[in-house]
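Residue-level structural notes
Below, each chain spelled out in residue letters.
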Amino acid sequence: MIDYRGSFDFELPPEAMWDVLEHTERFESWWGWLHELRRDGGPLQAGSGLYGVVSPPVPYEMRVRVVLDRCVRPERIDAHVEGDLEGSAGLLLEPRGDGSRATVSWTIEMKQRPMRLAARLAPPLMRWGHDRVVEATVQGFRRNLAKNPLGQSHRGAV
């Protein structure tokens, strides 16, 4: 079981952050650990789902489905995770100065037998792999925001 909570500051206000997050078609190009991503349903709204393959820096891939249970634009997403990982996840966007603070949290359980065994035998290795994926996600998001991925001003609507 992995319980995680982290907060990260970004230069975009919550509304603009939400606009960027709705462009899930860009995620695979942002994050090398994510493959075969597809979205079921409309924009970020309750009932939508994201399907993909997660390739952490350990020798296993995990197929996951993230189902959005509750979406309150531009402040909150609550979801549940199914597949090779199971559990719950959340995103909270709060104004912070001219930008946002993004707080993410999840409680997930690995369902693949080899991953469960590795988690029992080498928890520091599993935590290390998890933390590298989190770092890569935040760095990739910041790098792509700096490139202005939607071709508009970072100040104001994106």
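That block above? That's the structure.
Our subject in this report is the structure included herewith.

Analysis parameters
- Residues numbered from 1 in each chain as written.
- Predicted model: local features only at pLDDT ≥ 70, side-chain atom pairs only at ≥ 80, totals over all residues.
- Heavy atoms only, no water.
- Helix = DSSP H or I, 4+ residues; strand = E, 2+ residues; numbered from the N terminus.
- Buried < 20%, exposed > 50% of the residue type's maximum accessible area, 1.4 Å probe, protein only.
- Contact = heavy atoms within 4.5 Å.
- Lys, Arg positive; Asp, Glu negative; His and termini not counted.
- Charge placed at Lys NZ, Arg CZ, Asp CG, Glu CD.
- 1 Å grid on protein atoms, 1.4 Å probe; cavity = no way out; pocket = protein on both sides within 12 Å on 5 of 7 lines; lining within 4 Å.
- Points joined across faces, edges and corners; volume = space filled by probe spheres on them.
- Nonpolar A, V, L, I, M, F, W, Y, C, P; charged D, E, K, R; others polar.
- Salt bridge = Lys/Arg side-chain N within 4 Å of Asp/Glu carboxyl O.
- Phe/Tyr/Trp six-rings, centres within 6.5 Å; stacked < 30°, edge-to-face > 60°.
- Lys NZ or Arg CZ within 6 Å of the ring centre and 35° of its normal.

**Digging into the overall build of the protein**
Assigned secondary structure in the protein consists of four helices and seven strands. Beginning at the N terminus, the succession of helices and strands in the protein can be written as β-α-α-β-β-β-β-β-β-α-α. Each principal axis of the C-alpha distribution contributes one length, and for the protein these read about 50 × 30 × 25 Å. Scored against the burial criterion, the 158 residues of the protein give a buried share of 42%. For the protein, the proportion of contacts with a sequence separation of at least 24, taken over those separated by at least 6, is 48%. Looking at the protein, you have 21 positive and 22 negative side-chain charges, and the mean spots of the two groups are 3 Å apart.

**Details of empty space enclosed by the protein**
This model, assessed by the stated rule, comprises one cavity of 30 Å³ or more. By volume, the largest cavity is sized at about 1300 Å³. The wall of the largest cavity is formed by 45 residues, among which Trp33, Val66, Ala89, Trp106 and Thr137 lie closest to the centre. No other element matches helix H4 (residues 123-146), which puts eight residues into the lining of the largest cavity. Tallied by class, the residues present in the lining of the largest cavity amount to 38 nonpolar, seven polar and no charged.

**Remarks on the pattern of salt bridges**
Scanning all chains against the criterion turns up 13 salt bridges. Among the salt bridges present, the one from Arg70 reaches Asp78, with a minimum N-O distance of 3.5 Å. Put simply, Arg132 and Glu135 hold a salt bridge, and the shortest N to O gap is 2.6 Å. Note that Arg132 and Glu135 are positioned in helix H4 at a spacing of three residues, about one turn of the helix. On the basis of relative accessibility, which here comes to 38%, the residue Glu135 falls in the partly exposed class. Connected via shared salt-bridge partners are Glu15, Asp19, Glu22 and Arg73.

**Side note on the packing of aromatic side chains**
According to the stated counting rule, one finds seven aromatic pairs in the structure shown. Their ring planes at 25° and their centres at 4.8 Å tell us that Tyr4 and Trp106 sit as a pair that is stacked. Of this pair, Tyr4 sits in strand S1 (residues 2-10) while Trp106 sits in strand S7 (residues 99-110), placing them 102 residues apart in sequence. Overall, Tyr4 belongs to the buried group, its relative accessible area being 16%. Through a chain of ring-to-ring contacts, three or more aromatic side chains come together here, namely Phe10, Phe27, Trp30, Trp31, Trp33 and Phe141. Over the ring of Tyr51 we find Arg38; its NZ or CZ atom is 4.6 Å from the centre of that ring. Stacked on the ring of Phe10, the Lys or Arg Arg142 has its end atom at 4.9 Å from the ring centre.

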